[in-house]
There are 2 protein chains.
Amino acid sequence: MFVRPRLDIDLHRILENYLSFSKAKKNPNTQMAAVVKDNAYGLGDQEVAATLYHRGACRVFFVAHGFEGHRVRAVAPLADIYVLQGPGEEDIKCFAEDNLIPVIASPAQLAFWNREKPNHRKPAIQIETGLNRLGFRVSDIAALSDAERNQFGLVLSHLACADEPNHAMNQRQLDMFRQLAPSFPQAKLSLSASDGFMLGDDYQFDIVRLGAVLYGLNPVPGFPIKSRNVIRVTAPVLQIADVYPGDCIGYGADHVVNKSGKIAIISIGYGDGVFRSFYPKGKVWFESDRQLFAAPMCGRVSMDNLICDVSQVPDNILYHSRFVSLINDAYTADDFGVDAGTIGYEVISALGHGTRFIRTYSS
Amino acid sequence: MFVRPRLDIDLHRILENYLSFSKAKKNPNTQMAAVVKDNAYGLGDQEVAATLYHRGACRVFFVAHGFEGHRVRAVAPLADIYVLQGPGEEDIKCFAEDNLIPVIASPAQLAFWNREKPNHRKPAIQIETGLNRLGFRVSDIAALSDAERNQFGLVLSHLACADEPNHAMNQRQLDMFRQLAPSFPQAKLSLSASDGFMLGDDYQFDIVRLGAVLYGLNPVPGFPIKSRNVIRVTAPVLQIADVYPGDCIGYGADHVVNKSGKIAIISIGYGDGVFRSFYPKGKVWFESDRQLFAAPMCGRVSMDNLICDVSQVPDNILYHSRFVSLINDAYTADDFGVDAGTIGYEVISALGHGTRFIRTYSS
């Protein structure tokens, strides 16, 4: 009798993903960085960073916040750790103590950094090339003095549509990046995250920021190298019950049974990061000897539970299964995302923030 | 210069909500329980339970898991703590150490409980009356011996459609609950959570399980007592930039600008629990002297950021705002939920699991 869901994280697979994508780089001098912000998309920043640092020789990490950099520094003593949101009053101390490199995104941030000057690292600058998110605009760059331009050690930008290889925006951003980068003669260049890397050699420059593909996501489906799934999410079967035509299932009596069958109540819900939007298209999986049996969602996701239709699961499997899987090698976070109307990134992040999982790491 | 989002939780408001709904009960002997499962919907189970226990004289709490009961026991030494999912191998120890009361939902769970017998509390039984989720079915109840029926101290069921007062399911579940409850002659009765409480005196019985209304949610809009919002979610304005016709904003170049204007980049994203589905209908708020100015989302929500249109925010407000609010007293989790295509419960739970917030409690 079990009641808690489980999240098993495969650090070895994360390492393999890092290494297999790293091998595909064009220029041997291109550094393959690991993006471990947001607690490594919820999967454990220190566990992931330590694995890639010690076993993958990864020496460049990206986080979003200074306090995240502080956590990564503890396991990656000699790495370059870039902080994508730049410094704030809440985390400026970390820059001093942990020798973090800020990614400066605006003139105001540059002024703040130069006033505080918590360490002697050359900061990075983020420039805006079409995403219209964080970054120096063309006019901001034009207003910089030579001394200011020379202080940067890295120029970074971010692609808006790299998961759509044929989108015209990609070439446009590449052109603009190439045009603006020479304003910073001392700086290395970084344009691409996982999906940008897949756009081709031109997009790789000095540093590639691998995030999604470390964590089993495949933002560009056709790419010859596949990122392998790195998590298993499983949850206990609490109860199996019969249902009859006319029965209503779940909140709002939303799902109405039209044929006698069976349901299972599973111990995981939106409190654990299973989006309510996972109903009605989602399914969970009964497993046996590598065979998977789908149990489609029936009824809205509750905070602690979900309900699935197990009428098609053979009895010998059904009544011997103590767990179902929600994410497995055959039904990944990307697949889950499609069924929930979102993307794998958000799926991993939401599940990764769940606090009721029994969490294990294999390495 | 700030970069971290903030989550301010008003324990005094939670207490006020508890007290104002408690006052509305029909029978002075009805106990008003507090539902603090899932870390009090993400807002802090120990903080909430301690407040209600010490300042609200609340003596009955509901959690989902044994380990959650363990956390609540630490701050509520003499309370009755019910565990909605019943006992599991992972948390059975807590039942012994913390004198928790299981809610038994199936014959298999009853057998497990009676075999383990970790304490001498009379367990509760959950019976199924129409939600088709956890609980003893009619046939399961029929199969119980008299001794088994007499061992229960509470009969509990849960309504499927209580947030729709005119839904026929409510009366049907009430009738069935009344019909089945006498099978358990020693037991108190509990049918309703917050929304069921609002259906009227008939639904109140011995224990009402207040959850949603503690946390500022109003699942039944027309009810005369209002639950007051209990959280403020704010996030730093990282940058303000001009945009021009034809500019694309955010991932997928999804949002295209048709009129010159201004955008702001805000330091909060789906990594912090702001659903991607918050775009395109959502908005964030610039605040000044109790005036609120809406800044509609423009562009998809990123993991660490969102982008909003600030063209309609007066310059004297815009350029002096270091933060925007995402949830405030005028735009609550319920409102946020509508704009994100979900319900306030899921909004609070997702934000409440965010680990990058600077979190404060006021009491």
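Nothing here was measured: the structure is a model prediction, and the numbers come from that model. (Residues numbered from 1 in each chain as written. Chains lettered and ligands numbered in written order. Predicted model: local features only at pLDDT ≥ 70, side-chain atom pairs only at ≥ 80, totals over all residues. Heavy atoms only, no water.)

**Quick look at the overall build of chain A**
Right, on to step 1. Check the secondary structure of chain A and you find 13 helices and 18 strands.
Right, on to step 2. Each principal axis of the C-alpha atoms in chain A carries an extent, and together these give about 75 × 40 × 40 Å.
Right, on to step 3. Within chain A, buried positions represent 64% of all 363 residues.
Right, on to step 4. Restricting to contacts in chain A with at least 6 residues of sequence separation, those with at least 24 account for 65%. (Helix = DSSP H or I, 4+ residues; strand = E, 2+ residues; numbered from the N terminus. Buried < 20%, exposed > 50% of the residue type's maximum accessible area, 1.4 Å probe, protein only. Contact = heavy atoms within 4.5 Å.)

**Brief notes about the packing of helix 12 (residues 333-340) of chain B against helix 13 (residues 344-352) of chain B**
All names here are of chain B.
Right, on to step 1. Helix 13 packs onto helix 12 with a crossing angle of 100° between their chain directions and a minimal axis gap of 7 Å. In terms of orientation, helix 12 and helix 13 fall into the roughly perpendicular class. Taken together, the residues of helix 13 that come into contact with helix 12 (itself represented by Ala333, Asp334, Phe336 and Gly337) are Gly344, Val347 and Ile348.
Right, on to step 2. Taken together, the residues of the contact of helix 12 with helix 13 sort by class into four nonpolar, two polar and one charged. (Axes fitted to C-alpha atoms, helices over the stretch in contact; angles between N-to-C directions. Parallel < 35°, antiparallel > 145°, perpendicular 65-115°, else oblique. Nonpolar A, V, L, I, M, F, W, Y, C, P; charged D, E, K, R; others polar.)

**Side note on the pairing of strand 4 (residues 80-83) of chain A**
Residue and element names in this part refer to chain A.
Right, on to step 1. Bridge analysis of strand 3 (residues 60-63) against strand 4 gives four bridges, and the strand direction is parallel. Paired with Val60 across the strands is Asp80, a residue of strand 4.
Right, on to step 2. Handedness of the β-α-β unit built from strand 3, helix 4 (residues 66-73) and strand 4 comes out right-handed. (Pairing = 2+ DSSP bridges. Right-handed = clockwise from strand over helix to strand, strands pointing away.)

**Regarding the domain arrangement of chain A**
Residues and elements named next belong to chain A.
Right, on to step 1. Taken domain by domain, chain A holds domain 1 (11-215) and domain 2 (231-362).
Right, on to step 2. The gap between the C-alpha centroids of domain 1 and domain 2 is 37 Å.
Right, on to step 3. At the junction of the two partners, domain 1 supplies 12 residues and domain 2 supplies 10 residues.
Right, on to step 4. In this assembly, domain 1 packs against domain 2 so that about 950 Å² is buried in total across both faces, 54% of it on carbon and sulfur atoms.
Right, on to step 5. Viewed at the interface, domain 2 and domain 1 are joined by one salt bridge.
Right, on to step 6. Residues Asp329 and Arg13 are paired through a salt bridge, measuring 3.1 Å at the closest nitrogen-oxygen approach.
Right, on to step 7. Linking domain 1 with domain 2 are six residue pairs in polar contact (both at pLDDT 80 or more). (Domains from an automatic or database assignment. Buried area = accessible area lost by both parts, 1.4 Å probe. Salt bridge = Lys/Arg side-chain N within 4 Å of Asp/Glu carboxyl O. Polar contact = N/O pair within 3.5 Å; in protein donor to acceptor, adjacent residues only side chain to side chain.)

**Here's the deal with the packing of aromatic side chains**
Residues and elements named next belong to chain B.
Right, on to step 1. Tallied over the full model, the rule gives 21 aromatic pairs over all chains.
Right, on to step 2. Ring plane angle 40° and centroid distance 4.6 Å describe the contact between Tyr41 and Tyr215, whose orientation is recorded as tilted. Separated by 174 residues along the polypeptide, Tyr41 in helix 2 (residues 37-41) and Tyr215 in the loop between strand 9 (207-210) and strand 10 (231-243) bring together distant segments of the chain.
Right, on to step 3. You can call Tyr41 buried: its relative accessible area is 5%.
Right, on to step 4. Summarising the aromatic geometry, the rings of Phe95 and Trp113 are spaced 5.6 Å apart at their centres and angled 70° between planes, so their arrangement reads as edge-to-face. (Phe/Tyr/Trp six-rings, centres within 6.5 Å; stacked < 30°, edge-to-face > 60°.)

**Structural notes on the interface of chain A and chain B**
Right, on to step 1. With 77 residues of chain A in contact, the opposing surface of chain B contributes 77 residues.
Right, on to step 2. The three residues of chain A that bury the most area against chain B are Met1, Glu90 and Arg133 of chain A, which together make up 12% of that side's buried surface.
Right, on to step 3. Counting every contact that joins chain A to chain B gives eight salt bridges.
Right, on to step 4. Across the pair Asp38 of chain A and Arg356 of chain B runs a salt bridge, and its minimum N-O distance is 3.9 Å.
Right, on to step 5. Those elements that provide at least two residues to the side of chain A that touches chain B are helix 2 (37-41), helix 4, helix 6 (107-116), helix 9 (168-180), strand 10 (231-243), strand 11 (248-249), strand 13 (261-266) and helix 13 (344-352) of chain A.
Right, on to step 6. Of the residues forming the side of chain A that touches chain B, the biggest block, four residues, is contributed by strand 10 of chain A.
Right, on to step 7. The residue inventory of the side of chain A that touches chain B, partitioned by class, reads 35 nonpolar, 23 polar and 19 charged.

**Structural notes on the sheet that holds strand 5 (residues 101-104) of chain A**
Either a parallel or an antiparallel arrangement is found when strands of a sheet pair, and the pairing is made through backbone hydrogen bonds.
Residue and element names in this part refer to chain A.
Right, on to step 1. The eight strands are arranged 8-7-6-5-4-3-2-9 in an open sheet whose pairing can be described as parallel. Two strands lie at the open edges of the sheet, namely strand 8 (188-190) and strand 9 (207-210), each paired on one side alone. Within the sheet, the average angular offset between the axes of one strand and its neighbour, ignoring direction, is 25°.

**Here's the deal with the pairing of strand 17 (residues 323-327) of chain A**
Looking along a regular strand, one sees the side chains alternate between the two faces of the sheet.
Residues and elements named next belong to chain A.
Right, on to step 1. Most of strand 17 is tucked away: four of the five residues are buried.
Right, on to step 2. Relative to strand 17, strand 10 is paired through four bridges, and the arrangement is antiparallel. The residue of strand 17 that forms the bridge with Pro236 is Phe323.

**Here's the deal with the environment of Ile266 of chain A**
Right, on to step 1. Tracing the backbone shows Ile266 of chain A in strand 13.
Right, on to step 2. Contacts of Ile266 of chain A, omitting those with residues within four sequence positions, involve Ala235, Pro236, Val237, Leu238, Asp304, Asn305, Leu306, Cys308 and Val324 of chain A.

**Comments concerning the packing of helix 1 (residues 11-23) of chain A against helix 3 (residues 45-56) of chain A**
Residue and element names in this part refer to chain A.
Right, on to step 1. Interaxial distance between helix 1 and helix 3 falls to 10 Å at its minimum, and their mutual angle equals 55°. Taken together, helix 1 and helix 3 sit at an angle that is classed as oblique. Read as a crossing pair, helix 1 and helix 3 show a hand that is right-handed. Judged by residue contacts, Leu11, His12, Ile14, Leu15, Tyr18 and Leu19 of helix 1 engage Glu47, Val48, Thr51, Leu52, Arg55 and Gly56 from helix 3.
Right, on to step 2. Residue composition of the contact of helix 1 with helix 3, by class: seven nonpolar, three polar and two charged. (Left-handed = near helix turned anticlockwise from the far one by under 90°.)

**Quick word on the side chain of Thr30 of chain B**
All names here are of chain B.
Right, on to step 1. Mapped onto the secondary structure, Thr30 falls in the loop between helix 1 (11-23) and strand 2 (31-35).
Right, on to step 2. Exposure remark for Thr30: the relative accessible area of 2% places this residue in the buried category.
Right, on to step 3. Dropping the residues within four chain positions of it, Thr30 is found in contact with Lys25, Gln204, Phe205, Asp206, Ile207 and Val208.

**Description of the relation of the copies chain A and chain B**
Both copies of the chain are related by a screw-like operation: a rotation about an axis and a shift along it.
Right, on to step 1. Mapping chain A onto chain B calls for a rotation angle of 180° and an axial translation of 0.0 Å; the resulting RMSD is 0.0 Å. Overall, the copies show the geometry of a two-fold rotation axis. Taking C-alpha positions as reference, the residue of chain A nearest the rotation axis is His353 of chain A, located at 3.0 Å.
Right, on to step 2. A high fraction, 100%, of the interface residues of chain A reappear at the interface in chain B, so the copies pair face to face through one surface. (Least-squares fit on C-alpha atoms with pLDDT ≥ 70 in both.)

**Some words on the pattern of salt bridges**
Right, on to step 1. Applying the stated criterion to the full structure yields 32 salt bridges over all chains.
Right, on to step 2. Across the pair Glu16 of chain A and Arg228 of chain A runs a salt bridge, and its minimum N-O distance is 3.3 Å. Residue Glu16 of chain A is located in helix 1, and its partner Arg228 of chain A is located in the loop between strand 9 and strand 10; the two are separated by 212 residues in the primary sequence.
Right, on to step 3. The partner of Glu68 of chain B in a salt bridge is Arg356 of chain A, and the shortest N-O contact between them spans 3.1 Å. On the criterion of chain membership, the pair formed by Glu68 of chain B in helix 4 (residues 66-73) and Arg356 of chain A in the loop between helix 13 and strand 18 (358-362) is interchain, its members lying in two chains. Neither residue differs from the other here; Glu68 of chain B and Arg356 of chain A are each classed as buried.
Right, on to step 4. Three or more residues are tied together by salt bridges with common partners; here these are Lys37, Asp38 and Glu68 of chain A together with Asp272, Asp304 and Arg356 of chain B.

**Side note on the environment of Gly200 of chain B**
Right, on to step 1. Assignment of secondary structure puts Gly200 of chain B in the loop between helix 10 (194-197) and strand 9.
Right, on to step 2. Residue classification places Gly200 of chain B among the partly exposed residues on the basis of a relative accessible area of 21%.

**As for helix 13 of chain B**
Right, on to step 1. Counting buried residues in helix 13 of chain B gives nine out of nine residues, a clear majority hidden from the surface.
Right, on to step 2. Those residues of helix 13 of chain B that sit buried are Gly344, Tyr345, Glu346, Val347, Ile348, Ser349, Ala350, Leu351 and Gly352 of chain B.

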